[in-house]
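# Coordinate inspection notes
Listed here are the chains, written in short residue letters.
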Amino acid sequence: MSSKTPYKGLCVCLGNICRSPTAEVVLRYFCDKHQLDIVIDSAGTSNYHPGKAPDERSQKHALKRGYDLSALHARQLKLQDFIEFDLILAMDHENLSNIQDLFAQAHVEYGVSQIRTKIALMSEYDQTYLKQAVPDPYYGGVDGFERVLDQCESSSLAWVNIFTQQFKQQIDVK
Ligand code: 4NP
């Protein structure tokens, strides 16, 4: 973890209207619940839906579990995100590859010393869905939106465990 305060995480999918806004709100909920001082945001690798609110289906399914996505607006991942965020979480392997390409561009643009971003899958440490994609629900049915929520909750809990261990290590060495 970097010494920047607070620690900042960015959830990324393709459109930033289904998976990553869901991941943003769910991960923020679990971080807050565990009193972790972490800022969470989200973005899309595409610019398909700039400024748009999350998909109504995502909003509806999330709200049934108590997560309010209504205040969010889609935006595209940008080079500066690799300076501002400590951790970027990809929802699937294609997102991961596109993020890594932009990461390489950010190194050229800003130089290695400026960039401390780590990149991982949302499911990187989730023993239930280990390194699996969060499946894109956009062209599918209701089950897909429930699956996104199931995975975001499970993977967020795994990240909270990782963050808690890392923060504890930081405190231990002081
Ligand atoms: P997301 O889902 O990446 O989870 O936001 C999608 C949203 C929009 C499109 C594809 C996936 N689209 O093709 O417009």
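That block above? That's the structure.
An account of the accompanying structure is given in this report. Throughout, a residue's number is its position along its own chain's written sequence, starting from 1. Local features in a predicted model are, by the rule used here, given only for residues with pLDDT of at least 70; side-chain atom pairs are given and counted only at 80 or more, and totals for whole chains, interfaces and linings are based on all residues. Only hydrogens and water are set aside; all other atoms, that is, all heavy atoms of the structure, feed into the side-chain values.

Where charged atoms of side chains with opposite charge meet at close range, the side chains can pair. Throughout this description, the term salt bridge denotes a Lys or Arg side-chain nitrogen within 4 Å of a carboxyl oxygen of Asp or Glu. Under the criterion given, the structure shown has twelve salt bridges. Put simply, lysine 8 and glutamate 84 hold a salt bridge, and the shortest N to O gap is 3.9 Å. One end of the pair, lysine 8, is in strand 1 (residues 7–13); the other, glutamate 84, is in helix 3 (residues 81–84), and 76 residues separate them in sequence. Its relative accessible area of 32% is what places glutamate 84 among the partly exposed residues. For arginine 75, the salt bridge identified is with aspartate 81, shortest N-O distance 2.9 Å. Elements are defined by DSSP. Helices are runs of H or I of four residues or more, strands are runs of E of two residues or more, and each kind is numbered from the N terminus. The cut-offs for exposure are 20% and 50% of the maximum accessible area for each residue type, with area from a 1.4 Å probe on protein chains only; residues under the lower value are buried, those over the upper are exposed, and the others partly exposed.

Among buried residues, the Ala, Val, Leu, Ile, Met, Phe, Trp, Tyr and Cys ones that are joined through side-chain atoms within 4.5 Å form a nonpolar core. Ranked by size, the top nonpolar core spans 30 residues in total, and within it Leu27, Cys31, Ile38, Trp159 and Phe163 carry the most contacts. Put simply, the parts of the chain that give this core at least two residues each are strand 1, helix 1 (19–33), strand 2 (38–44), strand 3 (87–90) and helix 5 (142–173). Of all the elements, helix 5 adds the most residues to this core, at eight residues. Setting aside residues no more than four positions away along its own chain, cysteine 31 makes contact with Leu36, Ile38, Ile40, Val160 and Phe163. If you look at the next biggest cluster of nonpolar residues, it comprises 15 residues, including Val12, Ala43, Leu96 and Ile115. Contacts are residue-level and defined by heavy atoms, with any inter-residue pair within 4.5 Å sufficient.

Turning to unusual backbone geometry, a few remarks are in order. Glycine aside, the phi torsion of most residues is negative, and most peptide linkages are trans. Look at asparagine 16: it is not a glycine, yet its phi comes out positive at around 60°. Looking at where asparagine 16 falls in the secondary structure, it is placed in the loop between strand 1 and helix 1. Phi is positive for lysine 131, close to 55°, though the residue is something other than glycine. Examined against the element boundaries, lysine 131 turns out to sit in the loop between strand 4 (118–121) and helix 5.

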